[in-house]
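Now for the letters of each chain:
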Amino acid sequence: MKTPFRSRLCRWFATSVLLVCATVQAAPVAVPDAQDWARLTPQQQAERQAEIKRQLKLASPEERKAFRQRLRQQLEALSPSERQALIEQTRQRWQALTPEEKRRFADERREQVRAMTPAERRELLRQRREMLDKLSPKERRALREKLSAP
């Protein structure tokens, strides 16, 4: 037989569990610090990236958009020399990957874009165009040559 105390305790527990679940689900996805990320080993980066992807998959489109904005703001806040060092580290790691790993990363990115809503895709395109507008003519030319190379 249930006592009033036991009944109240069960309701309190159920309410607590619901609140915890709602809080965990509503927590925004944390943007990793770029400098800390660069210090991680490739294995640690892969593990952290998988966790972020899992969290973003569960997040709402607004939360994903907020994550991308916070990430972009963080990268824009870096000094040009810090940004260049980060770019160089990323380039070296990319070149060290096997063709299969490169293909896997490209496939994963393709799937991410396919999973986006049309509004998210438009926003991504807008952000890319905005980024290209910020490049100097010399940087744009170098990028164009790099992309047109076989």
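Quick notes on the rules
- Residues numbered from 1 in each chain as written.
- Predicted model: local features only at pLDDT ≥ 70, side-chain atom pairs only at ≥ 80, totals over all residues.
- Heavy atoms only, no water.
- Helix = DSSP H or I, 4+ residues; strand = E, 2+ residues; numbered from the N terminus.
- Contact = heavy atoms within 4.5 Å.
- Areas by Shrake-Rupley, 256 points an atom, 1.4 Å probe, with all protein chains shown as cover.
- Axes fitted to C-alpha atoms, helices over the stretch in contact; angles between N-to-C directions.
- Parallel < 35°, antiparallel > 145°, perpendicular 65-115°, else oblique.
- Nonpolar A, V, L, I, M, F, W, Y, C, P; charged D, E, K, R; others polar.
- Buried < 20%, exposed > 50% of the residue type's maximum accessible area, 1.4 Å probe, protein only.
- pLDDT = per-residue confidence, 0-100.
- Salt bridge = Lys/Arg side-chain N within 4 Å of Asp/Glu carboxyl O.
- Expected span 1.5 Å × (residues − 1).
- Arc of directions from axis to C-beta.
- Core = buried A, V, L, I, M, F, W, Y, C linked by side-chain atoms within 4.5 Å.
- Patch = residues over 30% accessible without salt bridge, like charges linked within 9 Å, V, L, I, M, F, W, Y side chains within 5 Å.
- Lys, Arg positive; Asp, Glu negative; His and termini not counted.
- Charge placed at Lys NZ, Arg CZ, Asp CG, Glu CD.

1. Points about the overall build of the protein
The secondary structure content of the protein amounts to eight helices and zero strands. Secondary structure elements of the protein occur, N-terminal to C-terminal, as α-α-α-α-α-α-α-α. At a minimum sequence separation of 6, the contacts of the protein that also span at least 24 residues come to 58%. A total accessible area of about 12100 Å² is found for the protein, and carbon and sulfur atoms account for 61% of it.

2. Some remarks on the packing of helix H6 (residues 99-115) against helix H7 (residues 118-134)
H7 packs onto H6 with a crossing angle of 120° between their chain directions and a minimal axis gap of 9 Å. With respect to H7, the axis of H6 lies oblique. Every residue of H7 that contacts H6 at Arg109, Val113 and Arg114 is listed here: Arg121, Leu124 and Arg128. In the contact of H6 with H7, the residues fall into two nonpolar, no polar and four charged.

3. Focus: the environment of Ala38
Along the polypeptide, Ala38 turns up in helix H2 (residues 34-39). Assessed through its relative accessible area of 14%, Ala38 is described here as buried. Distance from Ala38 to Ala85, taken between C-alpha atoms, is 9.5 Å for residues 47 residues apart in sequence. Sequence-distant contacts of Ala38, defined by excluding residues within four places in its chain, comprise Gln45, Leu86, Gln89 and Arg93.

4. What to know about the confidence of the model for the protein
Averaged over all residues, the pLDDT of the protein is 79; the fraction at 70 or higher stands at 81%. Segment residues 17-25: pLDDT under 50, and one contact once partners within four positions in sequence are set aside and those in other chains are kept.

5. Description of the pattern of salt bridges
One pass over the full model with this rule turns up eleven salt bridges. Between Glu51 and Arg54 there is a salt bridge, with the nearest N and O atoms lying 2.7 Å from each other. Taken together, the positions of Glu51 and Arg54, both in helix H3 (residues 42-58) and three residues apart, correspond to about one turn of that helix. Looking at Glu51, the relative accessible area reads 28%, which means it is partly exposed.

6. Remarks on H3
In this model H3 runs 24 Å from its N-terminal to its C-terminal C-alpha over 17 residues, within 8% of the 24 Å that 1.5 Å per residue would give. Burial in H3 covers these residues: Gln45, Ile52 and Leu56. Each buried residue of H3 lies within a common arc of 40° when the element is viewed along its axis, so the set occupies one face. Residues Gln43, Lys57 and Leu58 are exposed on H3 and point more than 90 degrees away from its buried face. Its buried side turned inward, H3 meets H2, helix H4 (61-77) and helix H5 (80-96).

7. Examining the nonpolar core
Core analysis: the biggest nonpolar cluster contains six residues, these being Val29, Val31, Ile52, Leu56, Ala59 and Phe67. The contact partners of Ile52, leaving out residues within four places of it in the chain, are Val29, Pro32, Trp37 and Phe67.

8. Topic: a positive patch on the surface
On the surface, a cluster of positive charge is made up of Lys138, Arg140, Arg141 and Arg144. Overall, the relative accessible area of 64% leaves Lys138 in the exposed class.

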